[in-house]
Structure formats: C-alpha cells, structure tokens
Amino acid sequence: MENRKGIILAGGAGTRLHPLTLTISKQLLPVYDKPMIYYPLSALMLAGIRDVLVISTPQDLPRFQMLLGDGAQLGMSFHYAEQARPEGLAQAFVIGRTFVGQAPSALVLGDNIFYGGGLRPLLEDAAGRSSGATVFAYHVKDPGRYGVVEFDDQRRAKSIEEKPKAPKSSHAVTGLYFYDSDVLDIAANLRPSARGELEITDVNAMYLKRGKLHVTVLSRGIAWLDTGDHEALLQAASYVAALEQRQGLKVGAIEEVAWRMGFIDAAQVERLAVPLKGNPYGQYLLAILHEDS
C-alpha cells in the first residue's frame, strides 16, 4: 500500500459547466468551502497514498501548482503533467506511465466526492490488493449516464458496459479505480471507442476478462457525488454544507486528513492553520488540535 501511486485527472474543458468554466478549471471551483480537487485528493490520502500526479490542461496546471505546491506541507509529494487534449479517462495511464513506473496505482476523477462511515477501510483494502483491479459500484437512478456493472447470483461482476442504452443493472462504476501495474500496458494498447476516447470501462472489462476485477459495492451509508453539471455542483455544495454545519466537522479538509493519517504532526497542522486563522477553515484546524490534546 505504501508505494501505490495516485493520479487525479483534472483536465477537460468542463463544457457542461459553462460559463463557469470558461476561464477556470472545473476542479478549482468551490464546493462549499473548499476547492473541488480537495475532495478526490482526500480519498487518495485516506487510502494511504502519498505520491500523487495531477493531470490537467496546460493553461490550468500552473493554478493547481499554486494551490497544492509540491505536497511537502502535507507530508506528500505532488507531481504535475499536461493533458493537451482530453481523449478518455484511460489516457491518464498513458500520460502518467513514467510517474507510475512499476508500482500499483489509483486513479480518481477530479470532480468526484466520496464520503461516509466505513469508507476508509474500503479504500485501504483496495490499496492493499497487490494484484488485479478494484472498482466501486454505487446504486443510482440513472445508470445509463455511467459505466454499468452487472452482477451474477453470487454478486460477482458479470459484465461491464459504458453508458448503455439498456442498463443491465442500477449499479454505476464510480470515478475511483485501483490497479496493479498491468494497467499501463492495457491502457497503451486500447483503441479509441466510437466516441473517440480511451475508455476506462474497456480497461475494467479487460481485468474482468482475466478474472482479476474486484467490485466493491458502496453501501447506503456512503455518498458518491459527481459534480459535472450545475445542478450536481449545487447539490454537492449543499450536501457538504449540511454535514459540516450539523456535525461541526469538515469534509475533505486535506490538512486534517494528512494529520489523522500520520503524514504530518500537530505542529505542522498549526503552522498551516495560523495564516488562515482569520476565517472558519483555519479556526477549525486549530480547534481540532485542541480537542484532541
């Protein structure tokens, strides 16, 4: 688990969010009180991943570097790579081949949010599998918008299809994927689909064909949010706001996650919080230190 590499795919034009995304990456937009990318990044962190590649457009990449830096402040290491043209999710493993090397990896989409009790053990289990692939399925009312996994009577994956017109189940594959090093060659040998893209569903289908695809169904207690359009972005912000205001705890605060995962100590959290102490985010980071002291 310790040497698994993480990739955040934060490219694309964000056309479904125009005009919001005419001048800025979708993954830099706020979801309530944090940039969108904090949420998928925190999912990788909860899986124990500390070495992360951020892939984005040439014009947006400097903004991500300004936001996240080299990762040292979080006890992590951040790298950056350009995606000149969006050509499918599996392109992340073509662009990130040198970064991944021979290590296992995990890919998360930059507009996906995962939250809920029991999530961390599921992520750690996925990260701990040295062979094959692990994906997460989630029950949705509109599965035709996603990759759809069909199960047999023993709840084992039977088939997987990308945006089917007649979905064989109501379980969508979420935007978080764990792979062994075989994914690099699988992605490199893909042919573009009818949409002209290197489909991540084709990668997953190859693992399924080899008998090496593990599908974990997320329970009702775990939320998966896709923030790809205006309505979904508003719903995600409202969800995060309601949780934080009710519980007094933050969702996707990467400084807190780094501390609770043991990447950094309390003194470093305080150093990160002090410049922000004039707003609720910084005050929260200082408060959790005092609560746990």
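Residues numbered from 1 in each chain as written. Predicted model: local features only at pLDDT ≥ 70, side-chain atom pairs only at ≥ 80, totals over all residues. Heavy atoms only, no water.

Just checking my understanding: could you explain the overall build of the chain for this structure?
The number of helices and strands found in the chain is eleven helices and 13 strands. Here the C-alpha atoms of the chain give a radius of gyration of 18 Å, agreeing with the 19 Å that 2.2 N^0.38 yields for 293 residues. Viewed in the frame of its principal axes, the chain has a C-alpha envelope of about 50 × 40 × 40 Å. Of the contacts made within the chain by residues no fewer than 6 positions apart, 74% connect residues no fewer than 24 positions apart. As displayed, the chain offers around 13,600 Å² of accessible surface, 51% of which is attributable to carbon and sulfur atoms. When the 30 basic and 32 acidic side-chain charges of the chain are each reduced to a single mean position, those positions are 4 Å apart. (Helix = DSSP H or I, 4+ residues; strand = E, 2+ residues; numbered from the N terminus. Rg over C-alpha atoms; globule rule 2.2 N^0.38 Å. Contact = heavy atoms within 4.5 Å. Areas by Shrake-Rupley, 256 points an atom, 1.4 Å probe, with all protein chains shown as cover. Lys, Arg positive; Asp, Glu negative; His and termini not counted. Charge placed at Lys NZ, Arg CZ, Asp CG, Glu CD.)

Just to check I follow, could you spell out the packing of aromatic side chains for this structure?
Here a ring pair, both rings aromatic, is described through the centre-centre distance and the interplanar angle of the planes. Within this structure, the stated rule accounts for six aromatic pairs. Ring geometry for F93 against Y179: centres 5.4 Å apart, planes inclined by 85 degrees, an arrangement best described as edge-to-face. One end of the pair, F93, is in helix α3 (residues 91-95); the other, Y179, is in strand β11 (residues 171-179), with 86 residues separating them in the sequence. Accessibility assignment for this pair places F93 and Y179 in one class, buried. Their ring planes at 75 degrees and their centres at 5.8 Å tell us that Y138 and W224 sit as a pair that is edge-to-face. Residue Y138 is found in strand β8 (residues 133-139), and its partner W224 is found in strand β13 (residues 222-226); the two are separated by 86 residues along the sequence. With respect to class, Y138 is no different from W224; both count as buried. The rings of F93, Y177, Y179 and Y207 are connected pair by pair, giving a single aromatic cluster. It is R155 that lies over the ring of F151; its NZ or CZ is 4.7 Å from the centre. Residue placement shows K250 over the ring face of Y284; its charged tip is 5.6 Å from the ring centre. (Phe/Tyr/Trp six-rings, centres within 6.5 Å; stacked < 30°, edge-to-face > 60°. Buried < 20%, exposed > 50% of the residue type's maximum accessible area, 1.4 Å probe, protein only. Lys NZ or Arg CZ within 6 Å of the ring centre and 35° of its normal.)

Could you clarify how one ought to interpret the layout of surface pockets in this entry?
It is the rolling of a water-molecule-sized probe over the atoms that shows where space remains empty. Of the voids in this model, the largest pocket is the one considered here, and its volume is about 920 Å³. Lining the largest pocket are 36 residues; nearest its centre among them are R16, K26, L89, L109 and D111. When residues of the lining of the largest pocket are assigned to their parent elements, the largest contribution, four residues, is made by β11. Residues belonging to the lining of the largest pocket are distributed by class as follows: ten nonpolar, 15 polar and eleven charged. When its volume is computed, the second largest pocket comes out at roughly 420 Å³. (1 Å grid on protein atoms, 1.4 Å probe; cavity = no way out; pocket = protein on both sides within 12 Å on 5 of 7 lines; lining within 4 Å. Points joined across faces, edges and corners; volume = space filled by probe spheres on them. Nonpolar A, V, L, I, M, F, W, Y, C, P; charged D, E, K, R; others polar.)

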